[in-house]
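Each chain is listed here by its residues.
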Amino acid sequence: MRTRLIAGLSGLAVLLPLVVFGGVWAVGGIVFLALAVCAYEYASMAFPDDRDAALGWLLLGSWAWYAVSIHAPDQTPAFFAVWMPCTMIFVTLRPGEDIGRSADRLARHVMGVAWLGLLPMLVRLRMLPDGLAWIFVVLGIAWLSDTGAYFAGRSFGKRKLYERISPKKTVEGMVGGMVTSTVGLWIITSIGLPQATWIDVLAFGTIGTAAGVLGDLSESMLKRAFGVKDSGTIMPGHGGLLDRIDSVLFVGAFVFAYVTFLFR
């Protein structure tokens, strides 16, 4: 626990000043580097027998999607129109490729880029007029719900949420996370987003927390499918970077969709 706490606080001490004072460029740089680390971790899990080749293609796809989603979001369909057939060619026509596993490998490539492609949503949020506040909304949902779920689960947890995937998660823990997140989001929005209504705060605290839990469960499912305990070892006591941001990926996507379609 001590190692885990020190590693977490050290990371916050470096990242938070960059996010607060560095503007869009700092967030963009962090996401760009995070994509490289996450692509490496995903390639190591999904393609243990062919990691280097898979990593190259995953990086190409992830960084290309990053560039398109930030600088030319209207061209996203055109990106997929090019990238998808190229990926099929890369997977199915490579010399020595096991044809019987081609469909599985293609699915792993597509899922990897689609999953990592959620990360640039943080940059899109930072580019908004109240971008810094929206970043804190995402981080607040992810971190506050996780903290609340941990303590509520330890104190009151009895009913398993999804034991087959994550034996330690409980329904009571998730409810506790929703309460903690909602209270925290009320404070964050009061300071940074005064135009937010109580309905917005309630949606962020409940649906946002549920999105984070689903992100966590999804990564746990993938790790079990790939036969690994952690996505990596980059963060002492925490595992890999994907282990730390699995909920942030889903929460960021939810908040971006909410801001785009519902927030006024």
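See the structure printed just above.
Residues numbered from 1 in each chain as written. Predicted model: local features only at pLDDT ≥ 70, side-chain atom pairs only at ≥ 80, totals over all residues. Heavy atoms only, no water.

**Q** Can you break down the overall build of the protein chain residue by residue, with the values?
**A** The helix and strand tally for the protein chain stands at 10 helices and two strands. Secondary structure elements in the protein chain, listed N-terminal to C-terminal, are α-α-α-α-α-α-α-β-β-α-α-α. For the protein chain, whose C-alpha radius of gyration is 19 Å, the value lies close to the compact-globule estimate of 18 Å for 264 residues. Within the span of the protein chain, comprising 264 residues, buried residues form 46% of the whole. A fraction of 69% describes how many contacts in the protein chain between residues 6 or more apart in sequence connect residues 24 or more apart. A total accessible area of about 13,700 Å² is found for the protein chain, and carbon and sulfur atoms account for 70% of it. Side-chain charges of the protein chain comprise 21 positive and 18 negative groups, with the mean position of each set lying 7 Å from the other. (Helix = DSSP H or I, 4+ residues; strand = E, 2+ residues; numbered from the N terminus. Rg over C-alpha atoms; globule rule 2.2 N^0.38 Å. Buried < 20%, exposed > 50% of the residue type's maximum accessible area, 1.4 Å probe, protein only. Contact = heavy atoms within 4.5 Å. Areas by Shrake-Rupley, 256 points an atom, 1.4 Å probe, with all protein chains shown as cover. Lys, Arg positive; Asp, Glu negative; His and termini not counted. Charge placed at Lys NZ, Arg CZ, Asp CG, Glu CD.)

**Q** Break down the pairing of strand β2 (residues 166-170) for me, with residues and values.
**A** The side chains of a regular strand alternate between both faces of the sheet. Relative to β2, strand β1 (residues 160-162) is paired through two bridges, and the arrangement is antiparallel. What sits directly across from Y162, in β2, is S166. Connecting β1 to the next strand, β2, in antiparallel fashion are three residues. (Pairing = 2+ DSSP bridges.)

**Q** Could you give an account of the pattern of salt bridges, with specific residues and numbers?
**A** Considering all chains together, one arrives at nine salt bridges under this definition. A salt bridge links D50 to R105; its shortest N-O distance comes to 3.1 Å. Highlighted residues: D50 in the loop between α2 (23-46) and α3 (51-71) and R105 in helix α5 (residues 102-116), separated in sequence by 55 residues. On the accessibility criterion, D50 (19% relative accessible area) is buried. A salt bridge links D216 to K169; the nearest nitrogen and oxygen atoms lie 2.9 Å apart. You can see D216 sitting in helix α9 (residues 198-226) and its partner K169 sitting in strand β2, a full 47 residues away along the chain. For K169, a relative accessible area of 22% gives the class partly exposed. Sharing partners across several salt bridges, the network here consists of D49, D50 and R105. (Salt bridge = Lys/Arg side-chain N within 4 Å of Asp/Glu carboxyl O.)

**Q** Before we move on, can you summarise the environment of D200 with the specific residues and values?
**A** Mapped onto the fold, D200 is located in helix α9. Its relative accessible area of 7% is what places D200 among the buried residues. Along the sequence, D200 and W186 sit 14 residues apart, while their C-alpha atoms lie 9.3 Å from each other. If near-sequence neighbours (up to four positions away) are discounted, D200 is found in contact with Q195, Y258 and F263. Reaching out from D200, the side chain makes a polar contact with the backbone nitrogen of T197 at a distance of 2.9 Å. (Polar contact = N/O pair within 3.5 Å; in protein donor to acceptor, adjacent residues only side chain to side chain.)

**Q** Can you lay out the packing of helix α8 (residues 171-192) against α9 for me, pointing to particular residues and giving the numbers?
**A** Running from amino to carboxyl end, α8 crosses α9 at an angle of 135°, the nearest separation of the two axes being 8 Å. It follows from the interaxial angle that α8 and α9 lie oblique. When the axes of α8 and α9 are compared, the crossing they make is right-handed. Taken together, the residues of α9 that come into contact with α8 (itself represented by M174, G177, M178, S181, T182, L185, W186 and T189) are V201, F204, G205, T206, T209, A210 and V213. Here the contact of α8 with α9 is built from residues that sort into eight nonpolar, seven polar and no charged. (Axes fitted to C-alpha atoms, helices over the stretch in contact; angles between N-to-C directions. Parallel < 35°, antiparallel > 145°, perpendicular 65-115°, else oblique. Left-handed = near helix turned anticlockwise from the far one by under 90°. Nonpolar A, V, L, I, M, F, W, Y, C, P; charged D, E, K, R; others polar.)

**Q** Could you give an account of the environment of G177, with specific residues and numbers?
**A** On the secondary structure map, G177 appears in helix α8. Its relative accessible area of 0% is what places G177 among the buried residues. C-alpha separation for the pair G177 and G148, spaced 29 residues apart in sequence, amounts to 4.2 Å. Once residues lying within four places of it in the same chain are set aside, the contact partners of G177 are S145, G148, A149 and T209.

**Q** How would you explain helix α4 (residues 76-92) if you had to name every residue and give the values?
**A** Count 3.6 residues to each turn of an α-helix, and residues three or four apart come out pointing the same way. In this model, α4 (17 residues) spans 24 Å end to end at C-alpha, consistent with the 24 Å of a helix rising 1.5 Å per residue. What α4 keeps buried is the set T76, F79, W83, T87, F90 and V91. The buried residues of α4 occupy one face: seen down the axis, they fall within an arc of 80°. Of the exposed residues in α4, the ones pointing more than 90 degrees away from its buried face are P77, A81 and V82. The inward-facing, buried residues of α4 contact α3 and α5. (Expected span 1.5 Å × (residues − 1). Arc of directions from axis to C-beta.)

**Q** Explain the nonpolar core residue by residue, including any values.
**A** In terms of nonpolar packing, the biggest core is built from 63 residues, with Y42, W134 and V255 touching the most fellow members. Every element with two or more residues in this core is listed here: α2, α3, α4, α5, α6 (121-126), α7 (131-156), α9 and α10 (241-261). Sorting elements by how many residues they give to this core places α10 first, with 11 residues. Aside from chain neighbours lying at most four places away, what touches V255 is L125, W134, V137, V138 and I141. (Core = buried A, V, L, I, M, F, W, Y, C linked by side-chain atoms within 4.5 Å.)

**Q** How would you summarise a nonpolar patch on the surface if you had to cite specific residues and measurements?
**A** A cluster of nonpolar side chains, V175, V179, V183, W186, I187 and I191, forms an exposed patch at the surface whose accessible area comes to about 630 Å². Here I187 lies in helix α8. (Patch = residues over 30% accessible without salt bridge, like charges linked within 9 Å, V, L, I, M, F, W, Y side chains within 5 Å.)

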